[in-house]
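Residue strings, one per chain:
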Amino acid sequence: MAENKSWVLMVTAQTPTNIAVIKYWGKRDESLILPINDSISVTLDPSHLCTTTTVAVSPDFTHDRMWLNGKEISLSGGRYQNCLREIRSRASDVEDEKKGIKIAKRDWENLHLHIASYNNFPTAAGLASSAAGFACLVYSLAKLMNVKEDNSHLSAIARQGSGSACRSLYGGFVKWIMGKDDNGNDSIAVQLVDEKHWDELVILIAVVSSRQKETSSTSGMRETVETSPLVLHRAKEVVPKRVVEMEEAVKSRNFPAFARLTCSDSNQFHAVCLDTSPPIFYMNDTSHRIISCVEKWNRSEGTPQVAYTFDAGPNAVLIARNRKVAALLLQRLLFHFPPQSGADLNSYIVGDKSVLMDAGIQDLKDVEALPPPPEIKDNVPTRKFKGDVSYFICTRPGRGPVLLTEESQALLNPETGLPK
Ligand code: DP6
């Protein structure tokens, strides 16, 4: 190891979250987290949704510790332990000449870690924080410990933290191949195309207010596999065909096919939730209203303009075919779901605010003046649902994990290895 004087060596990384367009729902192995079908996701721009993690090692640390959003949490859970064990077993020699630190491969077994992780979006919003979180943990530890394996191999480790995390090791569109091996070594993520391939897409997330305590993905999918006769049909007959079609749609930037597959797969995922005993309801009335607003508009245009998808919660993820469509979509959403009276528009629409500019909306008066969308028939009374959406996030497809090299970006103090 290094000479006697005390030292702290650390690495900081940033990892995006992702949203599945062909859903993972159901495991064939609970502890290794092996799925019953392939899935495909789009990585979201980390400037709007990401996790930052700093990992540090020092001979002075007495045990492994972790802080999430500033609060210390336990690392004793099986998922953390599996990731830590798998990464440690692949560690190599590390040398930092400037700091005079040398760590031999065998030393990693006895050295302890400090980990600090921070999400740039509210964890309570029900957005996939575990995906970005475990991907970032594994990626940053791999860099600290000089693990030689590529991101696909790292994805098989992140998968053991949370299934969807394996897809956050890449930007753009990503496929998680379910694999066949019992040990899970072939259950890995691969990049289909990078984030530049289809950069006209704009993604709007409606964070829907929810009073109901949701069933976690982990227990929800376990109950579905145990009780739903439909899920096996989905995994065996439906998803394999959809995965092939989705890969083709993404590669050829075929938006109508992409939207049809994305919406159908989200709807089927929620159908197998309903087929679970007792049934699981993730979407609520607001989610359903958003679906019908998009369906009506898509139908009136003759070809899909927007795709929708919902994970294990009521939030809508809407993918618009281009910026122009995104502005028209935002107008429609703000017409139906205006903010509470007196709210600040700036905190109602977050992320890439240029979509708001494109929609010609500068203040609440502009929201109030929005006309009803033309596809709503005159004889149907138009209703508004003030306050049913907490806020909107405007984003786009984004890049994969990166290292942050500026010391100011680290979440741990470089002298003490404790949170700043
Ligand atoms: C609906 O990855 O959160 O978001 O593997 O048990 O941690 P665990 O579950 P998780 O499930 C995600 C389910 C989903 C669909 C998807 O992301 O593919």
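Here the structure is a predicted model, which is why all the values come from computation and not from measurement.

Draft legend 1. Region of interest: the overall build of the chain. Helix and strand content of the chain: 11 helices and 19 strands. Since a compact globule built from 420 residues should have a radius of gyration of about 22 Å, the 22 Å found for the chain is in line with a globular shape. Its C-alpha atoms give the chain principal-axis dimensions of about 80 × 50 × 40 Å. Burial analysis of the chain (420 residues in total) assigns 56% to the buried set. Separation of charge centres in the chain, based on 48 positive and 49 negative side chains, amounts to 3 Å.

Draft legend 2. Unusual backbone geometry, seen in detail. Omega for the peptide link from Ser-277 to Pro-278 comes to -5°, which places this bond in the cis form. Its location among the elements puts Pro-278 in the loop between α6 (255-274) and α7 (285-301). Residues other than glycine seldom take positive phi values, yet Asn-69 does so here, at roughly 50°. Tracing the sequence through the fold places Asn-69 in the loop between β7 (65-68) and β8 (71-73).

Draft legend 3. Representation of the packing of aromatic side chains. Tallied over the full model, the rule gives 13 aromatic pairs. Ring plane angle 40° and centroid distance 5.0 Å describe the contact between Tyr-80 and Phe-134, whose orientation is recorded as tilted. Within this pair, whereas Tyr-80 is found in helix α1 (residues 78-88), its partner Phe-134 is found in helix α2 (residues 129-144), the two being separated by 54 residues in sequence. Taken together, a centroid distance of 5.5 Å and an interplanar angle of 85° make the contact between Tyr-348 and Phe-392 edge-to-face.

Draft legend 4. Spotlight on the site of the ligand. With respect to spatial proximity, 17 residues lie near the ligand, and among them Tyr-24, Lys-27, Arg-79, Ser-162 and Ser-164 are the closest. Between the ligand and the protein, one listed contact pairs an oxygen atom with a side-chain N or O atom of Lys-27 at 2.7 Å. One nitrogen or oxygen atom from the side chain of Arg-79 is found 2.7 Å from an oxygen atom belonging to the ligand. Isolated, the ligand exposes 460 Å² of accessible area, and the fraction of that covered by the protein chains is 94%.

Draft legend 5. Seen up close, helix α4 (residues 217-227). Restricting attention to buried positions, one finds in α4 the residues Ser-219, Gly-220, Met-221 and Thr-224. Contacts made by the buried residues of α4 are with β3 (27-29), α5 (229-251) and α6.

Draft legend 6. Region of interest: the environment of Asn-146. Within the element layout of this structure, Asn-146 appears in the loop between α2 and α3 (151-158). Residue classification places Asn-146 among the partly exposed positions, given a relative accessible area of 28%. For the pair formed by Asn-146 and Cys-263, sequence separation is 117 residues and the distance between their alpha carbons is 41 Å. Apart from residues no more than four positions distant in its own chain, Asn-146 is found in contact with Ser-92, Asp-93 and Val-94.

Draft legend 7. Just the sheet that holds strand β14 (residues 202-208), in detail. One open sheet accounts for 5 strands, arranged β15-β16-β14-β18-β17; its pairing is mixed. Bordering the open sheet on either side are β15 (306-309) and β17 (349-351), each of which pairs with just one other strand. Direction aside, the axes of adjacent strands within the sheet are offset by 25° on average. Pairing of β17 with strand β18 (residues 389-395), which is carried by 3 bridges, proceeds in the parallel orientation. Bridge pairing in β18 links Gly-351 to Cys-394. Strand contacts of α6: β15 and β16 (316-320), with the helix running at about 20° to β15, the strand carrying the most contacts.

Draft legend 8. Region of the structure containing the nonpolar core. Residues Phe-173, Ile-205, Phe-258, Leu-318, Leu-334, Ile-349 and Phe-392 are the most contacted members of the largest nonpolar core, which totals 70 residues. With 8 residues, helix α8 (residues 323-336) is the largest single contributor of residues to this core.

Draft legend 9. Structural view of the pattern of salt bridges. Applying the stated criterion across every chain yields a total of 19 salt bridges. The salt bridge involving Glu-245 is made with Arg-260; its shortest N-O contact spans 3.9 Å. Of this pair, Glu-245 sits in helix α5 while Arg-260 sits in helix α6, and the two are 15 residues apart along the sequence. By relative accessible area, Glu-245 is classed as partly exposed at 37%. Using a relative accessible area of 47% as the deciding quantity, one classes Arg-260 as partly exposed. Between Lys-251 and Glu-247 there is a salt bridge, and its shortest N-O distance comes to 3.5 Å. Of the two residues, Lys-251 and Glu-247 both sit in helix α5, 4 residues apart, roughly one turn of that helix. Taken together, the salt bridges that share partners define one network made up of Asp-45, Arg-323, Asp-352, Asp-358 and Arg-396.

Draft legend 10. Expanded view of the environment of Ala-249. Within the secondary structure layout, Ala-249 lies in helix α5. Judged by its relative accessible area of 3%, Ala-249 is buried. Discounting chain neighbours no more than four positions away, the residues touching Ala-249 are Trp-198, Asn-254, Ala-257, Phe-258 and Leu-261.

Draft legend 11. Quick look at the environment of Arg-234. On the secondary structure map, Arg-234 appears in helix α5. Look at Arg-234 and you get buried, because its relative accessible area is 1%. The spatial distance from the C-alpha of Arg-234 to the C-alpha of Asp-265 is 9.6 Å, given a sequence separation of 31 residues. Sequence-distant contacts of Arg-234, that is, excluding residues within four places in its chain, are made with Lys-23, Val-239, Pro-240, Arg-242, Asp-265, Gln-268 and Val-272.

Draft legend 12. Inspection of the side chain of Thr-52 at higher detail. As for its placement among the helices and strands, Thr-52 is situated in strand β6 (residues 50-58). Assessed through its relative accessible area of 11%, Thr-52 is described here as buried. When sequence neighbours within four positions are dropped, the list of residues in contact with Thr-52 reads Thr-12, Ala-13, Gln-14, Ala-116, Ser-117, Tyr-118, Cys-136, Leu-404, Gln-409 and Leu-411.

Conventions we followed
- Residues numbered from 1 in each chain as written.
- Predicted model: local features only at pLDDT ≥ 70, side-chain atom pairs only at ≥ 80, totals over all residues.
- Heavy atoms only, no water.
- Helix = DSSP H or I, 4+ residues; strand = E, 2+ residues; numbered from the N terminus.
- Rg over C-alpha atoms; globule rule 2.2 N^0.38 Å.
- Buried < 20%, exposed > 50% of the residue type's maximum accessible area, 1.4 Å probe, protein only.
- Lys, Arg positive; Asp, Glu negative; His and termini not counted.
- Charge placed at Lys NZ, Arg CZ, Asp CG, Glu CD.
- Phe/Tyr/Trp six-rings, centres within 6.5 Å; stacked < 30°, edge-to-face > 60°.
- Near = heavy atom within 4 Å.
- Polar contact = N/O pair within 3.5 Å; in protein donor to acceptor, adjacent residues only side chain to side chain.
- Areas by Shrake-Rupley, 256 points an atom, 1.4 Å probe, with all protein chains shown as cover.
- Contact = heavy atoms within 4.5 Å.
- Pairing = 2+ DSSP bridges.
- Axes fitted to C-alpha atoms, helices over the stretch in contact; angles between N-to-C directions.
- Core = buried A, V, L, I, M, F, W, Y, C linked by side-chain atoms within 4.5 Å.
- Salt bridge = Lys/Arg side-chain N within 4 Å of Asp/Glu carboxyl O.

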